[in-house]
Amino acid sequence: MSKLNNYYQQLNIFKPLEELKEEKVISAFSLSYLSLYLKEQFLKGDQTIFVVLPNLALTEKLYDLLFNLLPEDVLFYPEDEFLTSLLNLSLEAFKIERIATIKELLKEEKKIVVLNDVAAFKKVSAKKSFKKAFITLKEGDDIDLNQLIKSLVDNGYKREYTVLNQGEFSMRGSIVDIYPFSSNEPYRLDLFDTLIETIKVFNASTQISRGRVSMLEVMPAVELIFSDEGKNEAL
């Protein structure tokens, strides 16, 4: 707990609370009070506030309270604790939440980020690598297919013959299928040589297209980018 207390002192956001002890339960009233205090500090200040709590349950409760107060300005950065990781519960959902939070932080707008202590110690790639890891594809774009494949692999995507799950991609002739890590459906790029003619949403089970979009954003499927540059910059 001494490391956590040091975090609290450095962040300067836990002044209204008594010193936390392992055997002490933080009441719902304390969290409500803390959420109001954080809102006040956030609105007065001009910097992002990181709130580190000692377990996932408290982190989720505080996030919910803050979200009701500041729905546009609160981000969630959870990491499974040992027991839930062992049971393989919520791993992918939490990873998506963390990467989405990183994406928002890259905009360099002030936010409140709520995370548990396990997440605070998690290694991620540097800002420069993450900025490059979000891939935007638009109809009419002229793309380098080899570079696209390399970027997808570096970002944790797996090449398959047929795309069925999140984090997969495939290439067959002039067709490139990508199942973004954060999406409920995969997308199909129809190419003319290296030009993206159309981008369509399709059903992974039937492989039948059902709609067309003008742009696709592909977020990384990992927090440690696998490129040579990303490996060297990992924190």
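Residues numbered from 1 in each chain as written. Predicted model: local features only at pLDDT ≥ 70, side-chain atom pairs only at ≥ 80, totals over all residues. Heavy atoms only, no water.

Caption draft 1: Broad picture of helix 3 (residues 56-69). Spanning 14 residues, helix 3 covers 20 Å between terminal C-alpha atoms, matching the ideal 20 Å at 1.5 Å per step. Along helix 3, the residues that are buried comprise Leu56, Leu58, Thr59, Leu62, Tyr63 and Leu66. Buried residues along helix 3 cover an arc of 150 degrees about the axis, so they all sit on one side. Within helix 3, the exposed residues directed more than 90 degrees away from the buried face are Lys61 and Asn68. One side-chain oxygen at the N-terminal end of helix 3 lies 3.2 Å from the backbone nitrogen of alanine 57; it belongs to asparagine 55. (Helix = DSSP H or I, 4+ residues; strand = E, 2+ residues; numbered from the N terminus. Expected span 1.5 Å × (residues − 1). Buried < 20%, exposed > 50% of the residue type's maximum accessible area, 1.4 Å probe, protein only. Arc of directions from axis to C-beta. Polar contact = N/O pair within 3.5 Å; in protein donor to acceptor, adjacent residues only side chain to side chain.)

Caption draft 2: Expanded view of the pattern of salt bridges. Evaluated as defined, the whole model comprises 13 salt bridges. The closest approach of N and O atoms between glutamate 79 and lysine 122, which form a salt bridge, is 3.0 Å. Linking glutamate 79 in the loop between strand 2 (74-77) and helix 4 (82-86) with lysine 122 in the loop between helix 6 (117-120) and helix 7 (127-133), this pair joins segments that are 43 residues apart in sequence. Judged by its relative accessible area of 12%, glutamate 79 is buried. Across the pair arginine 98 and glutamate 223 runs a salt bridge, and its minimum N-O distance is 2.5 Å. Remark: glutamate 223 occurs in the loop between strand 11 (215-218) and helix 9 (228-233) and arginine 98 occurs in helix 5 (residues 91-105); sequence separation between them is 125 residues. Pair check on accessibility: arginine 98 and glutamate 223 agree, each one buried. (Salt bridge = Lys/Arg side-chain N within 4 Å of Asp/Glu carboxyl O.)

Caption draft 3: Quick look at the pairing of strand 2. What you see with strand 2 is no split at all: Val74 and Phe76 on one side and Leu75 and Tyr77 on the other are buried throughout. In the sheet, strand 2 pairs with strand 3 (residues 112-116) via four bridges, with the strands oriented parallel. Residue pairing in the sheet places valine 74 in a bridge with isoleucine 112 of strand 3. (Pairing = 2+ DSSP bridges.)

Caption draft 4: Representation of the nonpolar core in the model. Core analysis: the largest hydrophobic core is formed by 35 residues, its most contacted members being Leu137, Leu152, Tyr157, Ile178 and Leu189. Not counting residues within four places of it along the chain, the set of residues in contact with leucine 137 comprises Ile143, Leu148, Ile178, Leu189, Ile196, Ile199, Ser214, Met215 and Leu216. By size, the runner-up hydrophobic cluster in this structure holds 17 residues, among which are Tyr37, Leu53, Leu66 and Ile112. (Core = buried A, V, L, I, M, F, W, Y, C linked by side-chain atoms within 4.5 Å. Contact = heavy atoms within 4.5 Å.)

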